[in-house]
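Remarks on the overall topology
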Amino acid sequence: MDDLMAAHKDVMAGKVPSLVQFGCGPLSIIDPTQAPPGKHTQYAWHVMPLNPDIGEKNYETFKEEFAEKIIEVFARYAPNMTRKNIIGQHVYTGREYVADFPQMRGGDIFMGAFNAEQVMYNHFGYRTPIERLYMAGSATHPGGAISGGGGYISAGIIARDLGLKLWWKPWDAGEALRALPQAAA
């Protein structure tokens, strides 16, 4: 918790966090079309101020150098996650978020409060008290970031409530998890 709080203090002060710590996930496990057969896509996100104090350094250079630091830390926990195993990469920061999605004020991927009072078991659901008015987005479970989870869940609820045929094949988490041991073999 001390490390997490130190990173938060750095960000609040407009500084680049001194400790490299990040969240990540293998997106191609959910959507295999994102990577060539036998390969995977992976995301990693790190807390960072919208306009970090990087001195006179070029912002693009800073982004690339910080991405390399993330890869170095990643490799400590996943030894095959090295530069030689990375086919391509894209570094996307709060500055790009704001340019592409103005609603991500200040580059905040969560776009709303993300606290214990309104997530997980405290979440009221996607239906509002007003008939046929639904809630979707980062303020709904499973929270923010750019996963689209809240919208995906809401779309399914809305379609089912309206008696519409789903226009996508729902993802079965259990099926995907059962397939993992076979894929590793």
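For clarity, every value in this text was computed on a predicted model and none was experimentally measured.

For the chain, the count of helices and strands is six helices and two strands. The linear arrangement of helices and strands in the chain, starting from the amino end, is α-β-α-β-α-α-α-α. Buried residues in the chain amount to 26% of all 185 residues. Taking contacts inside the chain between residues at least 6 apart in sequence as the whole, the part at least 24 apart equals 42%. Accessible area for the chain stands at about 13100 Å²; split by element, carbon and sulfur atoms hold 59% of it.

Once that is clear, we can look at the pattern of salt bridges. Counting across every chain of the model gives five salt bridges. With its nearest N and O atoms 2.6 Å apart, the salt bridge here joins E65 to K57.

Attention now goes to the nonpolar core. Grouped together as the largest cluster of nonpolar side chains are seven residues: V20, I54, Y59, F62, F66, I70 and V73. Residue contacts for F66: discarding those within four places in its chain leaves V16, P17, V20, H46 and M48.

With 19 residues, helix α3 (residues 59-77) extends 28 Å from end C-alpha to end C-alpha; this agrees with the ideal 27 Å at 1.5 Å per step. Taken together, the buried positions of α3 are Y59, F62, K63, F66, A67, I70, I71, V73 and F74. On its buried face, α3 is in contact with β1 (23-25), β2 (43-45) and α4 (94-100). One side-chain oxygen at the N-terminal end of α3 lies 2.8 Å from the backbone nitrogen of E60; it belongs to N58.

Within the secondary structure layout, P52 lies in the loop between β2 and α3. Along the primary structure P52 and V16 are separated by 36 residues, whereas in three dimensions their C-alpha atoms are 5.7 Å apart. Those residues within four positions of P52 in sequence are excluded, and the remaining contacts are G14, V16, Y59 and F62.

Below, the discussion takes up a nonpolar patch on the surface. Together, I29, I30, Y152, W171, L177 and L180 give the surface a local cluster of nonpolar side chains, amounting to about 550 Å² of exposed area. Put simply, the parts of the chain that give the nonpolar patch at least two residues each are α2 (27-30) and α6 (173-184). Positionally, L180 belongs in helix α6.

Of note, the phi angle at R132 is positive, near 65°, even though the residue is not glycine. When you line up the elements, R132 lands in the loop between α4 and α5 (149-161). Taking relative accessible area as the criterion, R132 reaches 61% and is therefore assigned exposed.

Cut-offs used in this document
Residues numbered from 1 in each chain as written. Predicted model: local features only at pLDDT ≥ 70, side-chain atom pairs only at ≥ 80, totals over all residues. Heavy atoms only, no water. Helix = DSSP H or I, 4+ residues; strand = E, 2+ residues; numbered from the N terminus. Buried < 20%, exposed > 50% of the residue type's maximum accessible area, 1.4 Å probe, protein only. Contact = heavy atoms within 4.5 Å. Areas by Shrake-Rupley, 256 points an atom, 1.4 Å probe, with all protein chains shown as cover. Salt bridge = Lys/Arg side-chain N within 4 Å of Asp/Glu carboxyl O. Core = buried A, V, L, I, M, F, W, Y, C linked by side-chain atoms within 4.5 Å. Expected span 1.5 Å × (residues − 1). Polar contact = N/O pair within 3.5 Å; in protein donor to acceptor, adjacent residues only side chain to side chain. Patch = residues over 30% accessible without salt bridge, like charges linked within 9 Å, V, L, I, M, F, W, Y side chains within 5 Å.

So, to be careful, I would describe these as geometric facts and stop short of saying anything about function.
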